[in-house]
Amino acid sequence: MGMNNSDSKAADTDPLDEAILAVLARADAKTLSAPEIAHAIAADNDWHGLLVPIRRSAVALAQAGRLVIYRKGKPADPNDFRGVYRLGLPRHD
């Protein structure tokens, strides 16, 4: 039992991942585009710089089943999607 806490979730949570999930949680089951999420996270700062990191986080979160990437209204393969996409929390219904 050393310092290695590999089984604790806090060790591998990314602040950006958490921010994205928090924004989506407030979106009331709607999907949001990456620029909408970037605006929500960056407030009035330069949100353009967040677009690539948001996409990277979204892919990892989608692979983990924590959010869904939508293309043209349908869930997309997180490993293979291009162009405009929207993000949403997984629906439990």
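Residues numbered from 1 in each chain as written. Predicted model: local features only at pLDDT ≥ 70, side-chain atom pairs only at ≥ 80, totals over all residues. Heavy atoms only, no water.

As for the nonpolar core
Soluble globular proteins: nonpolar side chains tend toward being buried together. The criterion, for reference: Only buried residues count toward a nonpolar core. Its members are Ala, Val, Leu, Ile, Met, Phe, Trp, Tyr and Cys residues joined through side-chain atoms within 4.5 Å. The buried label applies to any residue whose accessible area, calculated with a 1.4 Å probe on protein chains only, is under 20% of its type's maximum; exposed applies above 50%, and partly exposed to all values in between. Counting from the N terminus, the helices are the DSSP runs of H or I reaching at least four residues and the strands are the DSSP runs of E reaching at least two.
Core analysis: the largest hydrophobic core is formed by 24 residues, its most contacted members being Ile20, Ile37, Ile54, Leu67, Ile69 and Leu87. Every element with two or more residues in this core is listed here: helix H1 (15-26), helix H2 (34-42) and helix H3 (51-63).

Some details on the side chain of Asp17
Heads up, the condition is: Neither His nor the chain ends contribute to the count of charged residues, in which Lys and Arg are positive and Asp and Glu negative. Here, a salt bridge means any side-chain nitrogen of Lys or Arg that lies within 4 Å of a carboxyl oxygen of Asp or Glu. When checking whether two residues touch, look at their non-hydrogen atoms; a contact exists if any pair is within 4.5 Å.
With respect to the element layout, Asp17 can be found in helix H1. Of the side chains with opposite charge, Arg66 lies nearest to the buried Asp17, which makes no salt bridge, at 5.4 Å. Sequence-distant contacts of Asp17, that is, excluding residues within four places in its chain, are made with Ser57 and Leu61.

Describing the confidence of the model for the chain
The test is simple: Each residue gets a pLDDT score, which is the predictor's confidence in that residue and runs from 0 to 100.
Averaged over all residues, the pLDDT of the chain is 87; the fraction at 70 or higher stands at 86%. Here H2 stands out as the element of the chain with the lowest mean pLDDT, 95, in contrast to strand S4 (residues 86-88), whose mean of 98 is the highest.

A few points about the sheet that holds strand S3 (residues 74-75)
Selection rule: Only when DSSP finds a minimum of two bridges between them are two strands counted as paired.
Spatial strand order, S1-S4-S2-S3: four strands in an open sheet with antiparallel pairing. Bordering the open sheet on either side are strand S1 (32-33) and S3, each of which pairs with just one other strand. Where strand S2 (residues 68-71) meets S4, three bridges bridge the pair, whose relative direction is antiparallel. Counted as the bridge partner of Ile69 is Leu87 from S4.

A few points about the environment of Ala62
Looking at the element boundaries, Ala62 is found in helix H3. Separated by 26 residues in sequence, Ala62 and Gly88 place their C-alpha atoms 9.7 Å apart. Non-local contacts of Ala62, meaning those with residues more than four positions away in its chain, are made with Leu67, Ile69 and Pro78.

Topic: the pairing of S2
Examined bridge by bridge, S2 and S3 share two bridges and lie antiparallel to one another. Counterpart to Arg71 in the pairing with S3 is Lys74. Where S2 folds back on S3, the antiparallel hairpin that results is connected by two residues, among which Lys72 adopts a positive phi of roughly 50°.

What to know about unusual backbone geometry
Despite not being glycine, Asp28 shows a phi value in the positive range, around 60°. Along the polypeptide, Asp28 turns up in the loop between H1 and S1. Judged by its relative accessible area of 60%, Asp28 is exposed.

So, the environment of Ala60
Among the structural elements, Ala60 can be located in helix H3. Residue classification places Ala60 among the partly exposed residues on the basis of a relative accessible area of 38%. In sequence terms Ala60 and Asn79 are 19 residues apart; their C-alpha atoms lie 9.3 Å from each other.

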